[in-house]
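Analysis of the macromolecular model
Each chain is listed here by its residues.
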2 protein chains.
Amino acid sequence: MPDITSQTYTRADEAFDCLQTAIVKGDLAPGDKIGELDLCSRFELTRGPLREALGRLESRGLLVRRPHAGVKVVSVSASELVELYRIREVMEGLAARQAAERMTDQEIADLKATLDAHETMIDEARGQAYYQAEGDYDFHHRIATGSRNTKLAQMLLGDLYYMVRMYRYRLSTSAGRPHRALGEHRRIVEAIAQRDGELAEFLMKRHINAARENIEKQIEEGVLTV
Amino acid sequence: MPDITSQTYTRADEAFDCLQTAIVKGDLAPGDKIGELDLCSRFELTRGPLREALGRLESRGLLVRRPHAGVKVVSVSASELVELYRIREVMEGLAARQAAERMTDQEIADLKATLDAHETMIDEARGQAYYQAEGDYDFHHRIATGSRNTKLAQMLLGDLYYMVRMYRYRLSTSAGRPHRALGEHRRIVEAIAQRDGELAEFLMKRHINAARENIEKQIEEGVLTV
DNA sequence: TGCATCCAGATTGTCGACAAACTATGCCGG
DNA sequence: CCGGCATAGTTTGTCGACAATCTGGATGCA
């Protein structure tokens, strides 16, 4: 019997993961024209699997490809980043509502514990920005999966979050925002724990709206290029 | 100068389109295990481009792939179809709101003309189901692009609609629904024409909600297998 | 009879090489 | 001096073949 857990990673999967993280972490800057054999030598694989991975990345919108002309990392303008948050607002609002209806008590308890861990991290102020960013991602990740909506989770985790994270390292978290964000998170979890889907949706939408406004402020201040 | 409009279709693109339409039209039934060289002989191409296309389809959620075990068309359960409509509700609501804010007067006029064309088609009752289905798709398509939200349109047109259309041919449109749907469309367009984004969003959400309830009714009646 | 094991066949993953298309450099004409 | 064009070089798209892995049936044993 084939071990169902072994998942047998193929070279294409490996290439896909490597490229995706490379793009998200910024090792491959937006707008870069990257050659296929450059990537082959960098990741120790041949062009076959690589091209398959490139196809997947293109389909997810992280790469743009012009036939015979090469592939370059997609460059998301600041205005498009704002549009991304508008999508997040409605989709994560839905996720929060469904999570309130469907999450198990155990999952909710874990979610609370996660927030406690985030709080100590923020209070200790060590690597504030990084940990806050990862903690934020963790929080939204749990709610997306908790919605029990397969396609919704797939779209959020597989598409939107990667594009948002591409720009996360550029965004300066304004002082005091981590604490405020944590408070918003706590209120959302409370609503979920009370199984109040309507409230959870409202709070989540407002939470992401606040994040969007924060970004728009940075754009006006010229911190982020349009 | 290379003609920007010529787009130079590559074999992989061709394979992608062929497979996508084959899946949507039902030529490849959900759950089918399909072999790579079967597909190669069917579409007159080799495994290289085919595998690239398969990677894209998999990334879009139309196929599932297990290493060394082959690829099969994704089978969306009826409950998952309902979840899809929940996503559509919030995303198309957003699209309608942004369309109300951003569509040009010309686009709105075209949209109205489209609805008029649909009405005559429905009244003449020729190919009612088919034309209604295509007309409905056309309507939503225009609003998605009219939102000027690149990623939103991409997710709707490139992901959700294909999965919904996979099941469209199974859904029996209940008598009188085309007329009612057309009326709902008209009201949405009116709101857009008046630049009332909030109302457009509300009406669109209600419109898709009605479609979802129609599907749920069919599920209860056993028309659609769960 | 039922179950586990093994083997054969077919299928998938991977690789290297050939042909077509684009980019850039240099040249020519105005 | 500038713009357009031809050519060389590189990169991409495509193809066929080899090796690793999974599926299904037959076999042996309890």
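Only a predicted model underlies this, so the values are computations on that prediction, with no experimental measurement involved.

Observations concerning the interface of chain B and chain A
Residue-level contacts link 32 residues of chain B with 32 residues of chain A. For the pair chain B and chain A, the summed buried area comes to about 2900 Å², and 53% of that belongs to carbon and sulfur atoms. Across the contact surface, chain B and chain A share 6 salt bridges. For Glu 52 of chain B, the salt bridge is made with Arg 51 of chain A, and the minimal N-O distance between the two is 3.1 Å. Our count for the contact surface shared by chain B and chain A stands at 14 residue pairs in polar contact (both at pLDDT 80 or more). Sort the elements by how many residues they give to the side of chain B that touches chain A and helix 4 (residues 78-102) of chain B lands first, with 11 residues. Its residues placed into classes, the side of chain B that touches chain A shows 10 nonpolar, 9 polar and 13 charged.

Considerations on the packing of aromatic side chains
Residues and elements named next belong to chain B. Counted according to the given criterion, the structure contains 2 aromatic pairs over all chains. Taking the centre distance of 5.6 Å and the plane angle of 70 degrees together, the rings of Tyr 137 and Tyr 161 count as edge-to-face. One end of the pair, Tyr 137, is in helix 6 (residues 128-146); the other, Tyr 161, is in helix 7 (residues 150-168), with 24 residues separating them in the sequence. Classification of Tyr 137 as buried rests on a relative accessible area of 15%. Exposure remark for Tyr 161: the relative accessible area of 3% places this residue in the buried category. Above the face of the Phe 16 ring, Arg 56 is positioned so that its terminal group lies 5.2 Å from the ring centre.

The rules behind these values
- Residues numbered from 1 in each chain as written.
- Chains lettered and ligands numbered in written order.
- Predicted model: local features only at pLDDT ≥ 70, side-chain atom pairs only at ≥ 80, totals over all residues.
- Heavy atoms only, no water.
- Contact = heavy atoms within 4.5 Å.
- Buried area = accessible area lost by both parts, 1.4 Å probe.
- Salt bridge = Lys/Arg side-chain N within 4 Å of Asp/Glu carboxyl O.
- Polar contact = N/O pair within 3.5 Å; in protein donor to acceptor, adjacent residues only side chain to side chain.
- Helix = DSSP H or I, 4+ residues; strand = E, 2+ residues; numbered from the N terminus.
- Nonpolar A, V, L, I, M, F, W, Y, C, P; charged D, E, K, R; others polar.
- Phe/Tyr/Trp six-rings, centres within 6.5 Å; stacked < 30°, edge-to-face > 60°.
- Buried < 20%, exposed > 50% of the residue type's maximum accessible area, 1.4 Å probe, protein only.
- Lys NZ or Arg CZ within 6 Å of the ring centre and 35° of its normal.

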